[in-house]
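A look at the structure
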Amino acid sequence: ASQSPAVLAAAVRAYGFLAEGCADAQATLMSPGTLSHLAFLAGQKPANPLAQCVVYACCQLMAAAGARGKAAVVSAGALPVMLRMLELEPPGAHTVAACQGLYAVAVRDVDMQNEVAQQGGLHSVYALIASRMPPATHALWLLCALLHGNSFVKNAAR
């Protein structure tokens, strides 16, 4: 039976919290098709709470499972969803989620910093900072992650 979006969002968020300390929950999230299906659902309505919960679950997975978790998140197609969430107007909770998810993808990873920048993330971050809307603080953290130790992105930022 189909569940309401709120129930599904709560379940995804709970799995994200479980993934933080439970190898079985991490394995379930990283199992073939699970993350890609969640990324697909999030991409359908990127401003809704389900999309935010999917990104937060991805953040928890990346924090808990390290490089394996990041690889699973990126290969599932979550990166374009987060970038789209970053661009949606007006900025809101979805923007904060996107900044946090992209930060987790890009921090200390030059290849991912380049990927986020090349896919328009740098432009979106600048627009958020210039807007001075509440998510601008999160955009600043993301900008720091994108620029840290990366000459390509620093040059692109000029």
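The next thing to look at is the overall build of the chain. Scanning the chain from terminus to terminus reveals ten helices and zero strands. Secondary structure of the chain in N-to-C order comes out as α-α-α-α-α-α-α-α-α-α. In terms of C-alpha radius of gyration, the chain reaches 15 Å, essentially the compact-globule figure of 15 Å for 158 residues. Across its three principal axes, the chain shows a C-alpha extent of roughly 50 × 30 × 20 Å.

Burial runs high along helix α5 (residues 78-87): seven of the ten residues are buried. Every buried residue of α5 is accounted for by A78, L79, V81, M82, L83, M85 and L86. On its buried side, α5 packs onto α3 (34-44), α4 (49-75), α6 (93-106), α7 (110-118), α8 (121-131) and α9 (136-147).

All right, on to the environment of S75 then. Residue placement: S75 occurs in helix α4. In the structure, S75 is positioned 40 residues away from L35 in sequence and 8.8 Å away in space, judged by C-alpha atoms. At 3.3 Å, the side chain of S75 forms a polar contact with the backbone oxygen of A72.

Pairing is possible between side chains of opposite charge, provided their charged atoms come close. Taken as a whole, this structure holds one salt bridge when the rule is applied. Put simply, D109 and K70 hold a salt bridge, and the shortest N to O gap is 3.3 Å. A residue pair is termed long-range when its members are at least 10 positions apart, and D109 in the loop between α6 and α7 and K70 in helix α4 qualify at 39 residues. Each member of the pair, D109 as well as K70, carries the same accessibility label: buried.

This part is about the nonpolar core. With 50 residues, the main nonpolar core has V73, L86, L102 and L146 as its most contacted residues. It is α4 that contributes the most residues to this core, 14 residues altogether. Not counting residues up to four positions away in its chain, the partners in contact with L86 are T95, A98, C99, L102, G121, S124, V125, L128 and L142.

Now for the packing of α8 against α9. Running from amino to carboxyl end, α8 crosses α9 at an angle of 145 degrees, the nearest separation of the two axes being 8 Å. In this structure, α8 meets α9 at a crossing whose hand is left-handed. Where α8 abuts α9, its residues L122, V125, Y126, L128 and I129 lie against A136, A139, L140, L142, L143 and L146. Residues belonging to the contact of α8 with α9 are distributed by class as follows: eleven nonpolar, no polar and no charged.

Each value, and the rule that gives it
- By convention here, each chain's residues receive numbers from 1 onward along its written sequence.
- Local features in this predicted model are restricted to residues whose pLDDT is 70 or higher, and side-chain atom pairs enter the listing and the counts only when it is 80 or higher, whereas totals over whole chains, interfaces and linings include all residues.
- Only hydrogens and water are set aside when side-chain values are computed; all heavy atoms of the structure are taken into account.
- Under the scheme used here, helices are H or I runs from DSSP no shorter than 4 residues and strands are E runs no shorter than 2 residues, and both carry numbers assigned from the N terminus.
- Only C-alpha atoms enter the radius of gyration; for comparison, a globular chain is expected to reach 2.2 Å times N to the power 0.38, where N is the number of residues.
- Relative accessibility under 20% of the residue-type maximum defines a buried residue, over 50% an exposed one, and the middle range a partly exposed one, all with a 1.4 Å probe and only protein chains included.
- We call two residues in contact when some of their heavy atoms are within 4.5 Å.
- Whenever two N or O atoms come within 3.5 Å, that pair is a polar contact, provided that in protein one can donate a hydrogen and the other can accept it, and provided that, for residues adjacent in sequence, both atoms are side-chain atoms.
- A pair is scored as a salt bridge if a Lys or Arg side-chain nitrogen falls within 4 Å of a carboxyl oxygen belonging to Asp or Glu.
- We call a set of buried Ala, Val, Leu, Ile, Met, Phe, Trp, Tyr and Cys residues a nonpolar core when their side-chain atoms join them within 4.5 Å.
- Convention adopted: a line fitted to C-alpha atoms gives each axis, helices being fitted over their contacting stretch, and angles between N-to-C directions are expressed from 0 to 180 degrees.
- Put simply, a crossing is left-handed when the front helix is turned counterclockwise from the back one by less than a right angle, and right-handed when it is turned clockwise.
- We call Asp, Glu, Lys and Arg charged. Ala, Val, Leu, Ile, Met, Phe, Trp, Tyr, Cys and Pro are nonpolar, and the rest, Gly among them, are polar.

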